Structure formats: structure tokens, C-alpha cells
Amino acid sequence: MPLSEHEQRMLEQMERALYAEDPKFATALEGSGLRTYTRRRVYQAVAGIVVGIALLMTGVIVPNVLWVSVVGFLVMLGCTVLVVTGWRKAPKPGEQPVSGSAGGSAHGRNRQRRSMMTRIEERWQRRRDEQGQ
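Residues numbered from 1 in each chain as written. Predicted model: local features only at pLDDT ≥ 70, side-chain atom pairs only at ≥ 80, totals over all residues. Heavy atoms only, no water.

Overview of the overall build of the protein chain
In step 1: Helices and strands together make up the secondary structure of the protein chain, namely 5 helices and 0 strands.
In step 2: Reading the protein chain from its N terminus to its C terminus gives the helix and strand order α-α-α-α-α.
In step 3: Put simply, 58% of the contacts in the protein chain that link residues at least 6 apart link residues at least 24 apart.
In step 4: Total accessible area on the protein chain is roughly 10600 Å²; 64% of this is exposed by carbon and sulfur atoms. (Helix = DSSP H or I, 4+ residues; strand = E, 2+ residues; numbered from the N terminus. Contact = heavy atoms within 4.5 Å. Areas by Shrake-Rupley, 256 points an atom, 1.4 Å probe, with all protein chains shown as cover.)

Quick look at the structure:
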């Protein structure tokens, strides 16, 4: 259930007050752990891709072990999926995580989306009213 406008303003005021009182503590709560976790996951997946390439080449070079090539390909495919999904979820440098508690560019984008959705809803309502008359 989304927060009301009043609740969102209150939350933003509390966030600004927290930043004003103790910026070091507020920065620690921003969620840099998510960025570190995502980066580590991407590095592990890249290492898995290298292992998959090694298995693929081993299966091609050694006779009668074609299944090793198949396993290597599957490892590469799975790790590539992890890299792509991890890369998409990683917050950009200086950007707050989507579920983060700090006010910033994410809140600005939410406001922009909200206002865009409001405009779309208003247009839709106008069209319905015009067609109904």
C-alpha cells in the first residue's frame, strides 16, 4: 500500500533531519552494502564464466568427454545470466538503492513518474468524459 502525500512529506522531513543531525550515520544507512554485494556477485559470475570456458575447451580437446563441454557451456550460460541480472540491479555510483531510505534522485524520479501517471490519468478521464457527452 503506497504512502499518502502527507506521509511521504513527513518521511522526507525525517530523512532531512537525520542528515542534518548526523550525516555520517545517515550515509552509513544508505545501503552501500547492496552495491558491495552486487559487485562481489558479478565478480564471482565472471570467474564462473572463465571456469566454463576452461571446461568447454577441455571437453573439445580431450576425446570421448563431450559431456564436459556441455557442462562448461551450461556453467557459462548460468554465470552470464548472473552477470546481467547483477549488473542491472547494481545502483549507479552516487545513486541511492531503490529501496534505500535516503532522499535524492530516486525520490525525484518517483515524483516525476507520479506526475506523469497523474497526467495520463487526467487525459484518460477527459477522453472518457468527452466520449460520454
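Description of the UniProt feature "transmembrane region" (unreviewed entry) in the protein chain
In step 1: In the numbering used here, UniProt assigns the feature "transmembrane region" (unreviewed entry) to residues 42-61 and 67-87.
In step 2: Note that residues 42-61 is 100% helix and 0% strand, and that its end C-alpha atoms are spaced 29 Å apart. (UniProt positions renumbered as here; feature names shortened; annotations may be inferred.)

What about the environment of Gln 44?
In step 1: You can see Gln 44 is positioned in helix 3 (residues 32-61).
In step 2: Overall, the relative accessible area of 53% leaves Gln 44 in the exposed class.
In step 3: Along the primary structure Gln 44 and Leu 82 are separated by 38 residues, whereas in three dimensions their C-alpha atoms are 9.1 Å apart. (Buried < 20%, exposed > 50% of the residue type's maximum accessible area, 1.4 Å probe, protein only.)

Side note on a positive patch on the surface
In step 1: Together, Arg 119, Arg 123, Arg 126 and Arg 127 give the surface a local cluster of positive charge.
In step 2: Mapped onto the secondary structure, Arg 119 falls in helix 5 (residues 105-132).
In step 3: Looking at Arg 119, the relative accessible area reads 44%, which means it is partly exposed. (Patch = residues over 30% accessible without salt bridge, like charges linked within 9 Å, V, L, I, M, F, W, Y side chains within 5 Å. Salt bridge = Lys/Arg side-chain N within 4 Å of Asp/Glu carboxyl O. Lys, Arg positive; Asp, Glu negative; His and termini not counted. Charge placed at Lys NZ, Arg CZ, Asp CG, Glu CD.)

Structural notes on the confidence of the model for the protein chain
As a note on interpretation, predicted positions should not be read in detail where pLDDT is low.
In step 1: Of the residues in the protein chain, 68% have a pLDDT of 70 or more, and the chain-wide mean is 75.
In step 2: The low-confidence segment residues 98-104, where pLDDT is below 50, has 9 contacts with residues more than four positions distant or belonging to other chains. (pLDDT = per-residue confidence, 0-100.)

Quick notes on unusual backbone geometry
In step 1: Even without a glycine there, the phi angle at Asn 64 is positive, about 65°.
In step 2: Within the secondary structure layout, Asn 64 lies in the loop between helix 3 and helix 4 (66-89).
In step 3: Here Asn 64 falls in the exposed class, since its relative accessible area comes to 81%.

Structural notes on a nonpolar patch on the surface
In step 1: On the surface, Leu 66, Val 70, Phe 73, Leu 74, Leu 77 and Val 81 cluster together into a nonpolar patch covering about 590 Å² of accessible area.
In step 2: You can see Phe 73 is positioned in helix 4.
In step 3: Residue classification places Phe 73 among the partly exposed positions, given a relative accessible area of 44%.

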